[in-house]
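# What the coordinates show
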Amino acid sequence: MEYTSTRDASRRVSAALAIAQGLSDEGGLFVPVSFPRVELAPLLGLDYPALAAVVLSQYLTDYDPAFLRAAADAVYGSAFGGRAGRLAPVSEGVYSLELWHGPTCAFKDYALQLMPRLLVEAKQLLHRTETTLVLVATSGDTGKAALAGYQDLEGVRVAVFYPTGGTSEIQRLQMATQEGNNLAVFAVRGNFDDAQTGVKRAFTDPRLAADLAARGVRLSSANSINFGRLAPQIVYYFCAYAQLAKQGAVQPGQPVDFCVPTGNFGDILAGWYARQMGLPVGRLVCASNQNKVLTDFFATGRYDARREFYKTESPSMDILVSSNLERLLWHLSGSDAAVRGWMEQLAGTGAYTVSEEVKAKLQADFAAGCATDAEAAAELRRRYEQDGYLCDTHTAVAFKAAREQRGKAPMVVLSTASPFKFPRAVLTALGKEAPADDFAAMQALQQLTGAEAPAALAGLKQKPVRFTQVIEPGEISGVTLAQG
Ligand SMILES: *Cc1c(COP(=O)(O)O)cnc(C)c1O
């Protein structure tokens, strides 16, 4: 499989290079030039690691299949406690794909536990010996998942940038207490878009690249702009479908709908990739919180990021510039020139409008919905009181959109984080007084629901804080150089 750039069709790179480099030199994202088609039947009986190996080998064709199989076994067995791809029934025909049984309790572990292995192997395939400096802009969960994945990995350093006050206290502590000798964490004044823009600027800064190269260091990305993040996320759509087929909830070949709580558009794009590969995905519902740029975009074809930014109770979705949408626009328009034009308009004016043709394709493939904090809280409480199902604030946004878009097909809601990552917001949604302290709230939530807080979260209370530095967005390049 070859990869090209969304902004320059003349580029052709291997999967290894796409993963090692992260972003194309001119700022475009790497995309597969075509989609592998897979036959569904042989996949339905596979366990998670085997399924992962099959899907990954379709895209990462320059990697040895035996390597991919071993990596999938190592990652999706133990680190997920045997609960990789767990599908929980919620109500008649509605399911929750619980993607938070990994080490950092958010779905990002699926990609970021595997990515370090893919990166190290990519460097070997490319005969590269330099140090890789992985830059991460995070609205909360990516940062921790990347830190956990790359901790003490030889030849790799990681710098994480998160917005001040833009994460839950538990998310902040997860990052600030991270152990490992190859890691640094910075709070950036501003919101996620400020952090993400600063990191993107560092990537395309030729001066910084030259200064780092002189020290034998090369930048890479662990954000979902890296194709290595996308490929592992395709797997759980197949896994969910396989489980429903096995239970007889769907006849093989019949569609299943998916609803995805969305921020940077990576998770839901993986579902669209699964559909392009032949998985019978029905409606693909894009769920947004009050930062509903995408809901408006799917309705009108106009992407307009010039709007108020809301800090919500689903902080990992507080995003106005959804990077991975660029990939979808490339696939739907088939034109690097069109994508380049839209992205230039976005950078210059904060908005762009796609053609009627692309808009029609968007609307054919996606539905969209959104929820304010109050609506998501009401939904969270409804799911708990009516179905006895406890979810986090991000998943609650998706449950609301799923309810509104429900058709005849089974509906799978992607549950992206453990409710114990956001214990105060979850308690409040359930109509309880939330203690000011997150750990007291965690205990109260345990007592109320009988669910057990993951040890990795409860144990944060005892861990010393290692990272306290706060910087301005303009300082990101500078501190990046200092890591090199
Ligand atoms: C990252 C994240 C999302 C959004 O996923 P995208 O791939 O950025 O759309 C949703 N929920 C949680 C809990 C997350 O961590």
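As shown above, the structure is provided for reference.
These lines cover the structure that appears in this document, whether it is placed above or below.

What counts and what doesn't
Residues numbered from 1 in each chain as written. Predicted model: local features only at pLDDT ≥ 70, side-chain atom pairs only at ≥ 80, totals over all residues. Heavy atoms only, no water. Helix = DSSP H or I, 4+ residues; strand = E, 2+ residues; numbered from the N terminus. Buried < 20%, exposed > 50% of the residue type's maximum accessible area, 1.4 Å probe, protein only. Contact = heavy atoms within 4.5 Å. Phe/Tyr/Trp six-rings, centres within 6.5 Å; stacked < 30°, edge-to-face > 60°. Pairing = 2+ DSSP bridges. Axes fitted to C-alpha atoms, helices over the stretch in contact; angles between N-to-C directions. Core = buried A, V, L, I, M, F, W, Y, C linked by side-chain atoms within 4.5 Å. Polar contact = N/O pair within 3.5 Å; in protein donor to acceptor, adjacent residues only side chain to side chain. Near = heavy atom within 4 Å. Areas by Shrake-Rupley, 256 points an atom, 1.4 Å probe, with all protein chains shown as cover. Nonpolar A, V, L, I, M, F, W, Y, C, P; charged D, E, K, R; others polar. Right-handed = clockwise from strand over helix to strand, strands pointing away. Parallel < 35°, antiparallel > 145°, perpendicular 65-115°, else oblique. Left-handed = near helix turned anticlockwise from the far one by under 90°. Salt bridge = Lys/Arg side-chain N within 4 Å of Asp/Glu carboxyl O.

### Section: the side chain of N324
Looking at the secondary structure, you find N324 in the loop between β12 (302-304) and α13 (325-333). Overall, N324 belongs to the buried group, its relative accessible area being 0%. What N324 contacts, discounting residues up to four positions off in sequence, is L29, S224, I225, L230, N264, F265, G266 and L269.

### Focus: the packing of aromatic side chains
In this structure the tally under the stated criterion is 26 aromatic pairs. Grouped by ring-pair contacts, the aromatic residues Y48, Y76, F80, Y110, Y236, Y237 and F258 constitute a single cluster.

### A look at the sheet that holds strand β1 (residues 3-5)
Hydrogen bonds between backbone atoms are what pair the strands of a sheet, whose relative direction is either parallel or antiparallel. Pairing within the open sheet is antiparallel, and its three strands lie in the order β2-β1-β3. The sheet is open, and its two edges are formed by β2 (8-13) and β3 (30-32), each paired on a single side. The average angle at which neighbouring strand axes cross in this sheet is 40°, direction not considered. As defined by bridge partners, β1 adjoins β2 across two bridges and the pair is classed as antiparallel. Directly across from Y3, in β2, lies its bridge partner V13.

### What about the nonpolar core?
In this structure, L60 and F238 are the most contacted members of the largest nonpolar core, which totals 111 residues. Sort the elements by how many residues they give to this core and helix α10 (residues 227-247) lands first, with 14 residues. Once residues within four sequence positions are removed from consideration, F238 is found in contact with V38, L40, L43, L51, V55, A274, M277 and L279. A88, A396, F399 and A434 belong to the second largest nonpolar core, which has 40 residues in total.

### Some details on helix α9 (residues 206-214)
Capping of α9 at its N-terminal end is provided by D205; its side-chain oxygen lies 3.0 Å from the backbone amide nitrogen of R207. In the segment just after α9, G216 is the residue with positive phi, at about 75°.

### Quick look at the site of the ligand
Among the 15 residues in the neighbourhood of the ligand, the closest are listed as K108, D141, G263, N264 and T416. Measuring from an oxygen atom of the ligand, one finds a backbone N or O atom of G263 at 2.8 Å. One of the backbone N or O atoms of F265 is found 3.0 Å from an oxygen atom in the ligand. In the complex, the protein chains occlude 98% of the 380 Å² of accessible area that the ligand would expose alone. Grouping the amino acids of the shell around the ligand by side-chain chemistry returns five nonpolar, seven polar and three charged.

### Comments concerning the sheet that holds strand β6 (residues 131-137)
Taken in spatial order, the five strands make up an open sheet running β9-β6-β7-β8-β16, and their pairing is parallel. Each edge of the open sheet carries a strand with a single partner, namely β9 (217-221) and β16 (470-471). As judged from the six bridges shared by strand β7 (residues 156-163) and strand β8 (residues 183-188), these two strands associate in the parallel manner. Directly across from F161, in β8, lies its bridge partner F186. The strands touched by helix α8 (residues 192-203) within the sheet are β6, β7, β8 and β9, with β6 carrying the most contacts at an inclination of about 155°.

### Some thoughts on the pairing of strand β10 (residues 256-261)
By the criterion of burial, β10 is predominantly enclosed, with six of the six residues buried. Where burial is concerned, the two faces of β10 agree: the one with V256, F258 and V260 and the one with D257, C259 and P261 are both buried. Summarising the sheet, β10 and strand β11 (residues 281-288) pair through five bridges and their orientation is parallel. By the bridge assignment for β11, V260 is matched with C286. Remark: the β10/helix α11 (residues 266-276)/β11 crossover connection has right-handed handedness.

### Re the packing of helix α7 (residues 169-176) against helix α19 (residues 438-449)
Running from N to C, α7 and α19 cross one another at 120°; their axes reach a closest spacing of 10 Å. Considered as vectors, α7 and α19 are oriented oblique to each other. Here α7 runs over α19; the crossing is left-handed. Across from E169, I170 and L173 in α7, the residues of α19 making contact are D438, F439 and M442. Across the contact of α7 with α19, the residue classes tally to four nonpolar, no polar and two charged.

### Observations regarding the pattern of salt bridges
For the structure shown, the criterion picks out 28 salt bridges. A salt bridge links E326 to R7; its shortest N-O distance comes to 2.7 Å. Taken together, the residues E326 in helix α13 and R7 in the loop between β1 and β2 connect sequence positions 319 residues apart. The closest approach of N and O atoms between D141 and K421, which form a salt bridge, is 2.5 Å. With D141 in helix α6 (residues 141-150) and K421 in the loop between β15 (411-415) and α18 (423-429), the pair connects residues that are 280 residues apart, well separated along the chain. Members of the salt-bridge network, linked through shared partners, are E379, R382, R383, D387 and R403.

So yeah, pure geometry; function would need other evidence.
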